[in-house]
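What follows is each chain in one-letter form.
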Amino acid sequence: MTKLLNHEETFELLPWFVNGTLSDTEHAGVEHHVRNCLPCRIALLEQAQLEKLLKQQPIVPLSAEPAFDRLLDEIGAERRRALGSSRASSAFSGVFARHAVTAAVLVASLGVASWLATLGRDALRDSEFVTLTGQTAADFELDIVFADELSAAERNAIIGDVDGVITAGPNDVGRYRVRIGGNPQQVEDALERLRADRRVRFAGRAFEENAP
Amino acid sequence: MVDRPHTRTKQNETSDDAVDLALLERIGGGDRGAFRELYVKYYHPLLRFIYRITGQLESAQEGVNDVMLVVWQNGKAFQGRSRVATWILGIAYRKALKLRQSSRRWWERFKAEDVGNYDELLAAPGEHREAGDLQDLLEKGMRTLPVKQRAVVELTYFYGYSYEEIAAIVDCPVNTVKTRMFHARARLKDILPALAKDDM
């Protein structure tokens, strides 16, 4: 059914009549009005010519590939920066913790009983352990080798299930480096799930030199 | 009877969007091959669109990578409320406006540009215009438009978007899109009769 459009409505819709995106009802309405309105016919010709000329304007002849490679470099650098700041943050926490413990030990050495000093040494060992753990978790990356017969979609599904993103690979032995988002526990869970998955031949932390 | 000059088919649109959606899903899983494919597909349309807004090729190139970085990082979060192309162009529009804000040098150059040639072209309506002249005239006419109007004109004629889709891309009501187009046409009216004469 044709919707009756007045002159203003028709004039307003002409650009989208020209690009063919009006609904059927609007299209028919514009067509009906234009048939009987000379100013709209002229305006329509102007719009059609404008579209033609805009589409003819040359596209800047630049190749996408070098730009894409630059973007990949940028993504890699961003990742390294993120890992760097995460390590720096862990290192800062470690240093801070060590200073706190050192202060406690100092207070203890100024006259508090010797058992407090022993407690201070235990605390020191704890803080060192936490620091080491922080550095390990800061990577959030795993090395994964999938079973040979897996399709790309299946691989992506497995990685997606553990909230991971491929950051490199596969290398010559089919190893992918995968970044797991979130927290250290999430990395642990991902590792456990991947190791239990029969479609995964190998899964280990990226910093370990135990990849195939 | 006026023929419909151009019709976008729903079928092509849907299958094209399905391809984009599939690529986006793979990108969400960290598939760089899929990312490359989508990047190459959108590189030139994005470059042109951002260039139209910023007027600087260098910042347009930077803008394309900014946009595609967002696609890489947030592809997984895409909820399918619009076509993938509409989503990507929406990101591009916001990035381009920011880039333009941060660098007004082009705009200052344009303002300082000698407009004598433009006037010359306008002053000879009866003469036959070569295609190159028309392109030049249109280019300069487009540059006189405020950036938001320019974006609507470009999205309508070059990219073939409906007014509803343009509203989604530039994040404004549909009536605002129509109003921007109306004002853009009014601003361009000095050159539009010349364009129509060529075709009559």
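Just so it is clear, the structure is predicted and the values come from calculations on it, not from any experiment.

Trainee: What's the story with the pairing of strand β1 (residues 141-146) of chain A in this structure? I'm lost.
Mentor: Along a regular strand, successive side chains alternate from one face of the sheet to the other. Residue and element names in this part refer to chain A. For β1, the tally of buried residues reaches six of six residues, placing the bulk of the element in the interior. Both faces of β1 are covered, namely the face carrying E141, D143 and V145 and the face carrying L142, I144 and F146. Bridging between β1 and strand β3 (residues 175-180) involves five bridges; their strand directions are antiparallel. Along β3, the bridge assignment pairs L142 with V178.

Trainee: Please clarify how helix α7 (residues 184-196) of chain A should be interpreted in this entry.
Mentor: Along an α-helix, residues three or four apart share an orientation, since each turn contains 3.6 residues. Residues and elements named next belong to chain A. Along its 13 residues, α7 runs 19 Å from first to last C-alpha, staying within 8% of the 18 Å computed at 1.5 Å per residue. If you check which residues of α7 are buried, you get V187, A190, L191 and L194. One side of α7 carries all its buried residues, which in axial view fall inside an arc of 100 degrees. Facing away from the buried surface of α7 by more than 90 degrees, the exposed residues are E192 and A196. Buried positions along α7 lie against β1, α6 (152-161), β3 and β4 (200-205).

Trainee: Just to check I follow, could you spell out the side chain of E141(A) for this structure?
Mentor: Among the structural elements, E141(A) can be located in strand β1. Relative accessible area serves as the criterion here: at 5%, E141(A) is assigned to the buried category.

Trainee: Looking at this model, I keep getting lost on the pattern of salt bridges. Mind explaining?
Mentor: When the charged atoms of two side chains with opposite charge come close together, those side chains can pair. A complete count under the given rule lists 17 salt bridges over all chains for this structure. Across the pair R36(B) and E65(A) runs a salt bridge whose closest N-O atoms are separated by 2.3 Å. With R36(B) in helix α2 (residues 32-54) and E65(A) in helix α4 (residues 64-109), this residue pair bridges two chains. Residues R36(B) and D69(A) are paired through a salt bridge, measuring 3.6 Å at the closest nitrogen-oxygen approach. Taken as a pair, R36(B) in helix α2 and D69(A) in helix α4 lie in two separate chains rather than in one.

Trainee: Whenever I open this one, the pairing of β3(A) confuses me. Can you help?
Mentor: All names here are of chain A. Of the two faces of β3, only the one carrying Y176, V178 and I180 is buried; R175, R177 and R179 on the other face are not. Note that strand β2 (residues 164-168) and β3 share four bridges and pair antiparallel. When the bridges of β3 are listed, I166 appears paired with V178. Hairpin connection, β2 to β3: the antiparallel pair is bridged by six residues, and G169 has positive phi, about 105 degrees.

Trainee: Is there a simple way to think about the confidence of the model for chain B in this case?
Mentor: Interpreting fine coordinate detail is not advised for predicted regions of low pLDDT. All names here are of chain B. With 74% of its residues at a pLDDT of 70 or more, chain B has an overall mean of 80. Within chain B, the lowest mean pLDDT, 40, falls on helix α6 (residues 116-122), and the highest, 96, falls on helix α9 (residues 163-170). A low-confidence stretch, residues 1-6 (pLDDT under 50), is modelled with 19 contacts involving residues beyond four sequence positions or located in other chains. Counting contacts from residues 112-128, a segment whose pLDDT is below 50, to residues more than four positions away or on other chains yields 17 contacts. We note a pTM of 0.61 for the whole complex and an ipTM of 0.78 for its interfaces.

Trainee: Honestly, the packing of aromatic side chains in this entry has me stumped. Any pointers?
Mentor: To describe a pair of aromatic rings, one takes the distance between the centres and the angle between the planes. Under the definition given, this model contains 12 aromatic pairs over all chains. On the basis of an interplanar angle of 70 degrees and a centroid distance of 5.5 Å, the ring pair of F146(A) and Y176(A) is categorised as edge-to-face. Here F146(A), found in strand β1, pairs with Y176(A), found in strand β3; they are 30 residues apart in sequence, far enough to count as distant. As far as the burial class goes, F146(A) and Y176(A) line up, both buried. Each member of the aromatic cluster is reached from another via a ring pair, and the members are F68(A), F35(B), Y39(B), Y43(B) and W72(B). The lysine or arginine in question, R185(B), covers the ring of F11(A), its NZ or CZ lying 3.9 Å from the ring centre.

Trainee: Just checking my understanding: could you explain the packing of helix α8 (residues 147-157) of chain B against helix α10 (residues 174-188) of chain B for this structure?
Mentor: In a pair of packed helices, the angle between the axes and the distance between the axes together describe the arrangement. All names here are of chain B. Where α8 meets α10, the closest approach of the two axes is 9 Å, and the angle between their N-to-C directions is 95 degrees. Between α8 and α10, the interaxial angle falls into the category roughly perpendicular. For the pair α8 and α10, contact is made by K148, Q149, V152, V153, T156 and Y157 and by V177, R180, M181, H183, A184 and R187, respectively.

Trainee: I'm lost on the packing of helix α1 (residues 7-18) of chain A against helix α3 (residues 38-56) of chain A in this one. Help?
Mentor: Residues and elements named next belong to chain A. Contact pair α1 / α3: the axes reach a minimum separation of 9 Å and the direction vectors enclose 25 degrees. One element, α1, and the other, α3, form an angle in the roughly parallel class. Handedness of the α1/α3 crossing: right-handed. Contacts between α1 and α3 pair H7, T10, F11, L14, P15, F17 and V18 from the former with P39, C40, A43, L44, Q47, A48 and E51 from the latter. Grouping the amino acids of the contact of α1 with α3 by side-chain chemistry returns 10 nonpolar, three polar and one charged.

So, how was this worked out
- Residues numbered from 1 in each chain as written.
- Chains lettered and ligands numbered in written order.
- Predicted model: local features only at pLDDT ≥ 70, side-chain atom pairs only at ≥ 80, totals over all residues.
- Heavy atoms only, no water.
- Buried < 20%, exposed > 50% of the residue type's maximum accessible area, 1.4 Å probe, protein only.
- Helix = DSSP H or I, 4+ residues; strand = E, 2+ residues; numbered from the N terminus.
- Pairing = 2+ DSSP bridges.
- Expected span 1.5 Å × (residues − 1).
- Arc of directions from axis to C-beta.
- Contact = heavy atoms within 4.5 Å.
- Salt bridge = Lys/Arg side-chain N within 4 Å of Asp/Glu carboxyl O.
- pLDDT = per-residue confidence, 0-100.
- Phe/Tyr/Trp six-rings, centres within 6.5 Å; stacked < 30°, edge-to-face > 60°.
- Lys NZ or Arg CZ within 6 Å of the ring centre and 35° of its normal.
- Axes fitted to C-alpha atoms, helices over the stretch in contact; angles between N-to-C directions.
- Parallel < 35°, antiparallel > 145°, perpendicular 65-115°, else oblique.
- Left-handed = near helix turned anticlockwise from the far one by under 90°.
- Nonpolar A, V, L, I, M, F, W, Y, C, P; charged D, E, K, R; others polar.

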